[in-house]
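# Topology and contacts: notes
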Amino acid sequence: MPTLATALLQGLKDHGARELFGIPGDFVLPFFKIVEETAILPCFTLSHEPAVGFAADAAARYRSGIGVAVVTYGAGAFNVVNAVAGAYAERSPVVVVAGAPGARERASGLLLHHQARSVDTQFAVFREITCDQAVLDDPVTAPGEIARVLRSARERSLPVYIELPRDMVDVEVAPVPVLPPRAAEPDALAECAAEIVALLGRATSPVIVVDVEVRRYGIEAAVATLARRLGIPVVTTFMGRGLLQQAPDVLRGTYLGSAGDPAVTRLVEDADALLLLGVILCDTNFALSEKRFDWRHTVLAIDRSVRVGHHVYPDLPIEDLVAALLDRTEGDAAPKPRTLPPFEAYPRGLVADDRPLAPTDIATALNDLFDRHGPMPMASDIGDCLFTAMEIDNTALAAPGYYAGMGFGVPAGIGVAAATGTRPLILVGDGAFQMTGWELGNCRRYGLDPIVIVFNNASWEMLRVFQPESKFNDLSDWNFAAAAPSLGGHGERVSTRKELAAALEQAVARRGVFSLIEAMIPRGVTSRTLARFVSGLKSARDRQ
Ligand SMILES: Cc1ncc(Cc2c([C@H](C)O)sc(CCOP(=O)(O)OP(=O)(O)O)c2C)c(N)n1
Ligand SMILES: [Mg+2]
């Protein structure tokens, strides 16, 4: 029989995990020992637990499966809370494996190191930011508990919490089963699909809007097929940026309300039917909408339920819904020909001159680079770098576009590189780099060589655009490029468009070490998208 540690590792692997991210501590040292000795899953240790959470989150997003964060009790686990909260908000199935005291320690009557209010405070905190939890304190129930929790993570695409008391690691248990996924009730599914096909059939200008769950459940290609078959254009939300990059024939761009491409905004806001697939109804997706949803002609599928008009079909997985819609439209007559607006244009053709850099120049230079060398998977932090990403051609992107927690970018890029073996491009502001950019120092150990663009405006610029009078937004210049060699990478500071273009070409050619390009941007110079976003928000507030 396996031990609990090996059964858990094998169970994680059987449920789709392909690596672990973590930082050990005495409450998980025995488990980390098994991790290292068995090599059932490769383990990437990082330097600070927020980065562990962000890396596991990004790995989950890019794989459309689970990511795993392994942390010690208390000090380690509480450090990963913000990253897990962001994963919850953005529906990313991060599995938190947290160490905990053993039975004897719990009964010692002493307050334990790393303990907060009570020995169970850690469990109480994670119950708030995960969809399912298990405490593995009984060898008989542990395998079933693990199976239940891992199925929840995959079915809900939400984080889960597994508490591993350190005296249980070597206990013999049965293997962890893989429970069958819970499919939709067939009649409800058929009724729902028929209702949606009829609603779309009555529309003359329907639109499909896609967001994170379309990636989380691996149904991008199916959605693209459905859109082609029905002749319906697709747009992504801000959060869904990067989806359906393989389907440029149906994708029309990203909906940003009054901050976005006017043709895309009109397409969505003039639609007489909306099919919202996996869409998070949050402010960063819809705060700048100039029209409210007309729920009589709107369908929303998210979190295993489907709202059609003013009624809801519960417990109906989005992947089952899309499959049923495809079944019902099999062999449909040729879709109604519709003149669609051109795909939103992204800036290209950077003039490599001595003019100072603006964020849109970075987008232009990257579009040119991707045209020459092929697109790179991207990870972005929050800040103007993420608004700039809206001007970069629609390539795969992991970014905290809704939860908006800083510090995500660099660890997420490391997670993408570790999980996919690809070379990611990381976009990060100077403020966010101050938080977690130093994790680049871990690339050397793992042979990772991301390209990192630091938007250095020596400012918390996103805050300045909302509150320009505050001096606390003025950051000093940390000269990140000069620090890169000590972290094991190559650093270069660029201030002009010519220098940027050259540095990008050299970075693409440089393999085996990370390349940090520190783009110096004059304070107060923002991307076009952020400028539109801010003016859109201000006019939306004036309208209230
Ligand atoms: C963990 C964390 N702390 C604070 C914030 C608030 C915040 C922003 C959001 C509004 O909440 S944007 C921003 C400044 C970002 O600075 P930088 O990375 O240099 O990017 P840029 O200069 O492009 O703004 C902060 C501090 C946050 N989102 N996340
Ligand atoms: Mg900044």
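Residues numbered from 1 in each chain as written. Chains lettered and ligands numbered in written order. Predicted model: local features only at pLDDT ≥ 70, side-chain atom pairs only at ≥ 80, totals over all residues. Heavy atoms only, no water.

Another aspect to go through is the UniProt feature "binding site: Mg(2+)" (unreviewed entry) in the protein chain. According to UniProt, the feature "binding site: Mg(2+)" (unreviewed entry) maps to D430 and N457 in the numbering used here. Maximum C-alpha separation among the annotated residues is 7.0 Å over a sequence range of 28 residues, consistent with a single clustered spot. Lining of the largest pocket among the annotated residues: D430 and N457. With respect to the helices, strands and loops of the structure, D430 is situated in helix α18 (residues 430-436). Not counting the four nearest positions on each side in its chain, D430 is found in contact with V454, F455, N456, N457, A458, S459, L475 and F480. Looking at the element boundaries, N457 is found in the loop between β17 (451-456) and α20 (461-466). On the basis of relative accessible area, N457 is assigned to the buried category, the value being 10%. (UniProt positions renumbered as here; feature names shortened; annotations may be inferred. 1 Å grid on protein atoms, 1.4 Å probe; cavity = no way out; pocket = protein on both sides within 12 Å on 5 of 7 lines; lining within 4 Å. Helix = DSSP H or I, 4+ residues; strand = E, 2+ residues; numbered from the N terminus. Contact = heavy atoms within 4.5 Å. Buried < 20%, exposed > 50% of the residue type's maximum accessible area, 1.4 Å probe, protein only.)

Note: interface size is frequently given as the accessible area lost on complex formation between the parts. Domain parsing of the protein chain yields domain 1 (4-165), domain 2 (186-328) and domain 3 (359-534). Here the C-alpha centre of domain 2 lies 33 Å away from the C-alpha centre of domain 1. With 11 residues of domain 1 at the contact, the number on the domain 2 side is 11 residues. Counting the surface lost from both domain 1 and domain 2, the interface buries some 980 Å², and carbon and sulfur atoms represent 46% of this. Its largest share of buried area at the contact with domain 2, domain 1 owes to S64, R91 and E155, together 48% of the area lost on that side. For the pair domain 1 and domain 2, the interface holds 4 salt bridges. Linking D303 and R91 is a salt bridge whose minimum nitrogen-to-oxygen distance equals 2.9 Å. The interface formed by domain 1 and domain 2 holds 9 residue pairs in polar contact (both at pLDDT 80 or more) in total. A total of 3 residues in the side of domain 1 that touches domain 2 trace back to one element, the largest contributor, which is helix α8 (residues 142-156). For the side of domain 1 that touches domain 2, the class distribution of residues is 2 nonpolar, 3 polar and 6 charged. (Domains from an automatic or database assignment. Buried area = accessible area lost by both parts, 1.4 Å probe. Salt bridge = Lys/Arg side-chain N within 4 Å of Asp/Glu carboxyl O. Polar contact = N/O pair within 3.5 Å; in protein donor to acceptor, adjacent residues only side chain to side chain. Nonpolar A, V, L, I, M, F, W, Y, C, P; charged D, E, K, R; others polar.)

For the structure shown, the criterion picks out 17 aromatic pairs. Taken together through their ring pairs, the aromatic side chains of Y255, F286, F293 and W295 make up a single cluster. Cation over ring: R166 sits above F27, and NZ or CZ is 4.2 Å from the ring centre. Over the face of the ring belonging to Y62 we find R215, whose NZ or CZ atom lies 6.0 Å from the ring centre. (Phe/Tyr/Trp six-rings, centres within 6.5 Å; stacked < 30°, edge-to-face > 60°. Lys NZ or Arg CZ within 6 Å of the ring centre and 35° of its normal.)

One open sheet accounts for 6 strands, arranged β2-β1-β3-β4-β6-β5; its pairing is parallel. The strands lining the two open edges of the sheet, one partner per strand, are β2 (43-45) and β5 (132-135). Averaged over all pairs of adjacent strands, the angle between strand axes in this sheet comes to 20°, irrespective of strand direction. Judged from the 6 bridges that link them, strand β4 (residues 94-100) and strand β6 (residues 160-165) form a sheet pairing that is parallel. By the bridge assignment, G99 is partnered in β6 with L164. Contacts between helix α3 (residues 49-63) and the sheet are confined to β1 (20-23), β3 (67-71) and β4, with β3 contributing the most and set at about 165° to the helix. (Pairing = 2+ DSSP bridges. Axes fitted to C-alpha atoms, helices over the stretch in contact; angles between N-to-C directions.)

Since one α-helical turn is 3.6 residues long, residues separated by three or four positions face the same way. The complete set of buried residues in helix α5 (residues 81-89) reads A83, V84, A85, G86, A87 and A89. For α5, the secondary structure elements touched by its buried residues are α3, β4 and α7 (121-127). A positive phi of about 60° marks R91, the residue just after α5.

Close contacts around ligand 1 come from 16 residues, with D384, A404, D430, G431 and M462 the closest. The side chain of D430 places a nitrogen or oxygen atom 2.8 Å from an oxygen atom of ligand 1. Take N457: an N or O atom from its side chain is 3.0 Å from an oxygen atom of ligand 1. Protein contact buries 77% of the 630 Å² of open area that ligand 1 shows by itself. (Near = heavy atom within 4 Å. Areas by Shrake-Rupley, 256 points an atom, 1.4 Å probe, with all protein chains shown as cover.)

Before going further, it helps to examine the pairing of β1. Here β1 shows two buried faces, one formed by L20 and G22 and the other by F21 and I23. Examined bridge by bridge, β1 and β2 share 3 bridges and lie parallel to one another. Directly across from G22, in β2, lies its bridge partner T45. Assessed by its sense of winding, the connection that carries the chain from β1 through helix α2 (residues 29-38) to β2 is right-handed. Looking at chain direction, β1 and β3 are connected through 3 bridges and run parallel. Along β3, the bridge assignment pairs G22 with V70. (Right-handed = clockwise from strand over helix to strand, strands pointing away.)

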